[in-house]
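A structural walkthrough
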Amino acid sequence: METLFTQALGLAAPWRVAHVDFQQAAGRIVFTVENTAKRLACPACGAADQPIHDRLPRTWQHLHFFQYKAIIEANIPRVGCQACGKTTQVSVPWARAGAGFTETLEAFVIALCTQMPVSAVARLLGVSDGRVWRVLDFHVNAARAREDYSAVRRVSADERSARKGQRFLTLFCDLDARRLLFATQGRNAATFKAFADDLAAHGGDAKAITDVSLDLGAAYQAGAREHCPDAAISFDPFHVVALANAALDQVRRAEVKQVSDLKHIRWGTLKDAANWTRTQLDQMHWLQRSNLQTARAWRLKQALREVFAGCRKLAQAETLLGAWISWARRCRLAPFKRLAATIKKHRDGTLEHFRSGLSNGFAEGINGRIQAAKARARGYGTDRHLIAISYLICANLKHLPKNPWTHATQQVAM
């Protein structure tokens, strides 16, 4: 039986399973592994045939054996090297240095954490949340360190709430490779400095970026111009139309004091017509037949949406956007007059979208995936944990350990 488990664990001489202890009452099975060598190479300098100084007991948790927790116990040799004078513990073939899980179990933990909250994974394994987070932090950081960003040319920057609007993260995405590149605390110009430094650490160059997609925030624009000086800035259509939605709601809120029927019409004014419920369909038909300021505001908002939805050529967009700005400035609705001034100020970046074709749509999709992970976990206690999960599920990391259950031939030894 010991020979079978020696082979199953992928061990080779001088390592072997010396004893298997099935402890049914305790709900576990203990594999005692030994190193039969009398002399070993020095782990520090590589000098061959050095004496073993002593052996220290260590324990690791492995994948469950049926329904039982599997434990590996071993007395690990320390080599007293006569060449370099150091006493160094040898590495084991089933776990990385300092880990309490085997490499196979760590790979399984990572696979679980892509789909489940960390707390649920910890309960399944019978360990603390902290032990699972240490595994994630190590492997996510190690995988990111090996990523190559030298080909990054077109990026987006977008914010997301870390905790109920009190803290924010900025997410930088590669719009060509469709992956999360970098996440950091804050939503100011300094986040671009952190992004540029991280990009350089992965072989990239912020000065080589050709296009950046942003919202209309002044801080992001300042950061992009300073740290990505050769990039053309385009403003995300979603954020531009969102400003029109906000202006529309300001008009509705002011008018609802005189027209109570506007009180329950808000969602209909914000939704696409194809998604209206029967009640909203009736409400919006009533609104469109009226002479209310809210009806005029809704038509302005819809016209701006149609500029982005219907234009395919820059020249056409330039004409239609100019006409919309002129209309909004003459509409006698203060929120839309302010919006017209804002769009006129950011006209070049707004039109740049029609040249580059960029938007923050992919970044919004990443936001949705991160929000779903937050909802499953009922939030994260620290920004560091949220960032680690964001990388795990959205960065397309190529160098994470593979799930052992989908790579059946993988052995513990690495």
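In this text the structure is predicted, and so the values were computed from the model without any measurement.

1. Quick look at the overall build of the chain
A tally of helices and strands in the chain yields 15 helices and 11 strands. In terms of overall dimensions, the chain is more spread out than a globule: its C-alpha atoms have a radius of gyration of 30 Å, far above the 22 Å expected for 414 residues. For the chain, the spread of C-alpha atoms along the principal axes amounts to about 95 × 50 × 35 Å. Considering the chain as a whole, with its 414 residues, one finds that 48% of them fall into the buried category. Long-range pairs, those at least 24 residues apart, make up 57% of the contacts in the chain between residues at least 6 apart in sequence. When the accessible surface of the chain is totalled, it reaches about 20,500 Å², and 51% of it is carbon and sulfur.

2. Description of the pattern of salt bridges
Under the defined criterion, the tally for this structure stands at 20 salt bridges. Note that Asp197 and Lys193 form a salt bridge whose closest N and O atoms lie 2.7 Å from each other. Taken together, the residues Asp197 and Lys193, both in helix 5 (residues 190-201) and four residues apart, mark about one turn of the helix. The salt bridge partner of Arg278 is Asp282, with a shortest N-O separation of 3.3 Å. With Arg278 and Asp282 both in helix 9 (residues 278-289) and four residues apart, this pair spans about one turn of that helix. A single salt-bridge network, built from bridges that share partners, covers Glu147, Asp174, Arg179 and Lys398.

3. Details of helix 4 (residues 129-145)
The first and last C-alpha atoms of helix 4 sit 24 Å apart over 17 residues, in line with the 24 Å expected at 1.5 Å per residue. Those residues of helix 4 that are buried lie in contact with helix 2 (103-113), helix 3 (118-125), strand 9 (179-185), helix 5 and helix 15 (383-394).

4. With respect to the packing of aromatic side chains
What the rule picks out here adds up to 15 aromatic pairs. Plain terms: the ring middles of Phe22 and Tyr68 are 4.9 Å apart, the flat faces sit at 80° to each other, and that makes the pair edge-to-face. One end of the pair, Phe22, is in strand 1 (residues 15-23); the other, Tyr68, is in strand 5 (residues 68-80), and 46 residues separate them in sequence. Assessed through its relative accessible area of 43%, Phe22 is described here as partly exposed. Taken together, the ring pairs connect Phe172, Phe182, Phe192, Phe195 and Tyr220 into an aromatic cluster. Over the face of the ring belonging to Phe138 we find Arg96, whose NZ or CZ atom lies 3.9 Å from the ring centre. The aromatic ring of Trp267 is capped on one face by Arg266, whose charged end is 4.6 Å from the ring centroid.

5. Quick notes on the sheet that holds strand 9
The mixed open sheet is built from five strands, whose spatial order is 9-8-7-10-11. Looking at the sheet topology across the chains shown, the edges are occupied by strand 9 and strand 11 (232-235). Neighbour to neighbour, the strand axes of the sheet diverge by 25° on average, direction disregarded. With seven bridges connecting them, strand 7 (residues 154-161) and strand 8 (residues 168-174) associate as antiparallel partners. Residue pairing for strand 8: Ser161 is matched across the bridge by Phe168. In the packing of helix 13 (residues 347-356) onto the sheet, contacts are made with strand 7, strand 10 (211-214) and strand 11, and the angle to strand 11 comes to roughly 100°.

6. Remarks on the environment of His239
For His239, the position within the fold is in helix 7 (residues 237-255). Sequence-wise, His239 and Ala83 are 156 residues apart; in three dimensions their C-alpha atoms are separated by 66 Å. Once residues lying within four places of it in the same chain are set aside, the contact partners of His239 are Asp158, Asp215, Asn360 and Glu364.

7. Focus: unusual backbone geometry
Residue Pro14 is bonded to the preceding Ala13 through a cis peptide linkage, with omega at 10°. Secondary-structure assignment places Pro14 in the loop between helix 1 (2-8) and strand 1. The phi dihedral of Arg178 is positive, around 55°, even though this residue is not glycine. Note on Arg178: relative accessible area 48%, which makes it partly exposed. For Asn396, which is not glycine, the phi dihedral falls at a positive 50°.

8. Quick word on the packing of helix 2 against helix 3
For any two helices packed against each other, the geometry comes down to the angle between their axes and how far apart the axes lie. At a closest axis distance of 9 Å, the pairing of helix 2 and helix 3 adopts a crossing angle of 140°. The pairing of helix 2 with helix 3 is recorded here as oblique in orientation. Viewed along their axes, helix 2 and helix 3 form a crossing whose handedness is right-handed. Side by side, helix 2 and helix 3 meet where Leu105, Val109, Leu112 and Cys113 of the first sit next to Val118, Val121 and Leu125 of the second. Classifying every residue of the contact of helix 2 with helix 3 by side-chain character gives seven nonpolar, no polar and no charged.

9. Focus: the state of the cysteines
This structure, assessed with the given rule, holds zero disulfides. Free cysteine Cys173: the closest other cysteine sulfur is in Cys394, separated by 7.9 Å. Under the relative-accessibility criterion, Cys173 is labelled buried at 0%. Its relative accessible area of 1% is what places Cys394 among the buried residues.

What counts and what doesn't
Residues numbered from 1 in each chain as written. Predicted model: local features only at pLDDT ≥ 70, side-chain atom pairs only at ≥ 80, totals over all residues. Heavy atoms only, no water. Helix = DSSP H or I, 4+ residues; strand = E, 2+ residues; numbered from the N terminus. Rg over C-alpha atoms; globule rule 2.2 N^0.38 Å. Buried < 20%, exposed > 50% of the residue type's maximum accessible area, 1.4 Å probe, protein only. Contact = heavy atoms within 4.5 Å. Areas by Shrake-Rupley, 256 points an atom, 1.4 Å probe, with all protein chains shown as cover. Salt bridge = Lys/Arg side-chain N within 4 Å of Asp/Glu carboxyl O. Expected span 1.5 Å × (residues − 1). Phe/Tyr/Trp six-rings, centres within 6.5 Å; stacked < 30°, edge-to-face > 60°. Lys NZ or Arg CZ within 6 Å of the ring centre and 35° of its normal. Pairing = 2+ DSSP bridges. Axes fitted to C-alpha atoms, helices over the stretch in contact; angles between N-to-C directions. Parallel < 35°, antiparallel > 145°, perpendicular 65-115°, else oblique. Left-handed = near helix turned anticlockwise from the far one by under 90°. Nonpolar A, V, L, I, M, F, W, Y, C, P; charged D, E, K, R; others polar. Disulfide = S-S within 2.5 Å.

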